[in-house]
Amino acid sequence: MARWRPLPADLPPEHRRLVLRLRVLKDRAGASLTALAHRTSRSPSSWQRYLNGLAFPPWDAAEALAGLTGADDGDRVRLRVLWEAAEAVRASPPAAERETPERETPEPEPGVPEAVAPPAGGPQPHRTRGGLGGIPLRLWAGVLVALLLAAALASVAPEGRRAGGAWPVDVRAEAASSCRGDSCAGLDARRTGCAEDRRTLGRYEWGEHRVELLHSPACATVWGEAAPPAGVRGIALSVPGAGQRWEREGSGRSRMLPAPDRLGSGVQFCAVFDDVQTCVDAGNRVHSGPLG
């Protein structure tokens, strides 16, 4: 096993978790940087930068490394979740860089008349903050993540252990919801009323947190919750045919996706904590393990 050098102190947590996972995969593959370069499309120097947090690895490189270890579809999805979280942070510059700095008013030159201020009550100058069309770049990054995952990820049936207890539980009266199926995609279950008849498809408790996959028969949707949200670094909901939604740090409840006709192990909800990732599926199977 390689003796790794410490990662940069200013490396974002999402990038750090991705690098730690890639290091585990490299150790598992038992390949040197030179051998890794021969078996992938990246040079030894590129891999050295990726594995030491000095450069961000493209997805094809991370996927190729996973392939060398014989990773199954479930492992690839969990690696993709880590990669997308790190990519979203990398694509969004710090808030200080997004703010448009206030321009200092230069002193008027001698002999040049000063600009006349607009009359009171008249139209005021418009100032646009950083972003596209006034929308913060982090929101655009989140939309991009959702679109990429919807296109790239297919249904997954991870192997895991089955949690105890009668299943499903908590069946309630039909909800007076404002949407159903595809029209609910991306909406909040509680605000739409879909949470009124929620039933639990999968549940797992890790430490003080509860990770739960939920279903609304009235709305024909699924979503996930991780409570309490403090300490949750990110959550992801995956549904065959509907793609995957990724919610950023601090999110305790995912947005909804339309439920498939048959609720199986391909419907999966994952929560990422500091050093652990926990996933539950609609068959109440659980996969939980360290990230690095």
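See above for the structure.
What you see is a predicted model; the values in this text were computed from it and never measured. (Residues numbered from 1 in each chain as written. Predicted model: local features only at pLDDT ≥ 70, side-chain atom pairs only at ≥ 80, totals over all residues. Heavy atoms only, no water.)

Some thoughts on helix H3 (residues 44-51)
Because an α-helix packs 3.6 residues into every turn, residues spaced three or four apart end up facing the same way. Which entries qualify depends on this criterion: Only protein chains enter the area calculation, which uses a 1.4 Å probe; residues under 20% of their type maximum are buried, those over 50% are exposed, and those in between are partly exposed. Each helix is a run of DSSP H or I of at least 4 residues and each strand a run of E of at least 2, with the numbering of both proceeding from the N terminus. By arc we mean the arc of the directions from the helix axis to the C-beta atoms, nothing more. Contacts are assigned to residue pairs with any non-hydrogen atoms lying within 4.5 Å of each other.
Buried within H3 are the following residues: Ser 46, Trp 47, Tyr 50 and Leu 51. Projected down its long axis, H3 carries its buried residues within an arc of 125 degrees, all on one side. Looking at the buried positions of H3, the neighbouring elements they touch are helix H1 (13-29), helix H2 (33-39) and helix H4 (59-68). Following H3 by one or two positions, Gly 53 has its phi on the positive side, about 70 degrees.

With respect to the packing of H1 against H4
Formally: Here the axes come from fitting lines to C-alpha atoms, over the contacting stretch only for helices, and the angles between their N-to-C directions go from 0 to 180 degrees. For a crossing to be left-handed, the near helix must be turned anticlockwise from the far one by less than a right angle; the clockwise case is right-handed.
As a packed pair, H1 and H4 sit with axes 8 Å apart at the nearest point and diverge in direction by 35 degrees. Between H1 and H4 lies a crossing of left-handed hand. Residue-level contacts link Leu 22, Leu 25, Lys 26 and Ala 29 of H1 to Ala 62, Leu 65, Ala 66 and Leu 68 of H4.

Digging into the state of the cysteines
Selection criterion: Disulfides are defined as pairs of cysteine sulfur atoms found within 2.5 Å of each other.
Throughout the structure, instances matching the rule amount to three disulfides. The disulfide partner of Cys 179 is Cys 184, and the S-S distance across this bridge is 2.0 Å. In this structure, the disulfide formed by Cys 179 and Cys 184 twists by about 110 degrees around the S-S bond and is classed as right-handed. This pair shows no difference in class: Cys 179 is buried, exactly as Cys 184 is. Across a sulfur-sulfur distance of 2.1 Å, Cys 194 and Cys 219 are joined as a disulfide pair. On the sign convention where negative is left-handed, the bridge of Cys 194 and Cys 219, at about -95 degrees about the S-S bond, is left-handed. Of this pair, Cys 194 sits in the loop between helix H8 (189-192) and strand E2 (199-206) while Cys 219 sits in the loop between strand E3 (209-216) and strand E4 (221-227), and the two are 25 residues apart along the sequence. Since its relative accessible area comes to 0%, Cys 194 is described here as buried. We classify Cys 219 as buried; its relative accessible area is 0%. Each disulfide in the protein chain links cysteines that, numbered along the sequence, combine into the pattern 1-2, 3-4, 5-6.

Let's talk about the packing of aromatic side chains
As a reminder, the rule being used: Centre distance within 6.5 Å is the pairing criterion for rings of Phe, Tyr and Trp, where only the six-membered ring of Trp is used; planes under 30 degrees apart are then read as stacked, over 60 as edge-to-face, and the remainder as tilted.
Taken as a whole and judged by the stated rule, the model has three aromatic pairs. Ring centres 5.5 Å apart and planes at 80 degrees place the aromatic pair Trp 47 and Tyr 50 in the edge-to-face group. Here Trp 47 and its partner Tyr 50 are both found in helix H3, three residues apart, which amounts to about one turn of the helix. Of the two residues, Trp 47 and Tyr 50, neither departs from the other in class, the shared state being buried. Considering the side-chain rings of Phe 56 and Trp 83, the 5.7 Å spacing of their centres and the 50 degrees angle between planes classify their relative orientation as tilted. Of this pair, Phe 56 sits in the loop between H3 and H4 while Trp 83 is found in helix H5 (residues 73-91), placing the two residues 27 residues apart along the sequence. Trp 83 sits in the buried class, given a relative accessible area of 9%.

Considerations on the packing of H1 against H5
Stated precisely, the cut-off is as follows: Only Asp, Glu, Lys and Arg are considered charged in this grouping, and only Ala, Val, Leu, Ile, Met, Phe, Trp, Tyr, Cys and Pro are considered nonpolar; every other residue, Gly among them, is considered polar.
Packing of H1 against H5 leaves a shortest axis separation of 8 Å and a crossing angle of 145 degrees. Between H1 and H5 the crossing geometry is left-handed. Each of Glu 14, His 15, Arg 17, Leu 18, Arg 21, Leu 22 and Leu 25 in H1 lies in contact with H5, whose residues at this interface are Leu 79, Leu 82, Trp 83, Ala 85, Ala 86 and Val 89. Considering only residue class, the contact of H1 with H5 consists of nine nonpolar, one polar and three charged.

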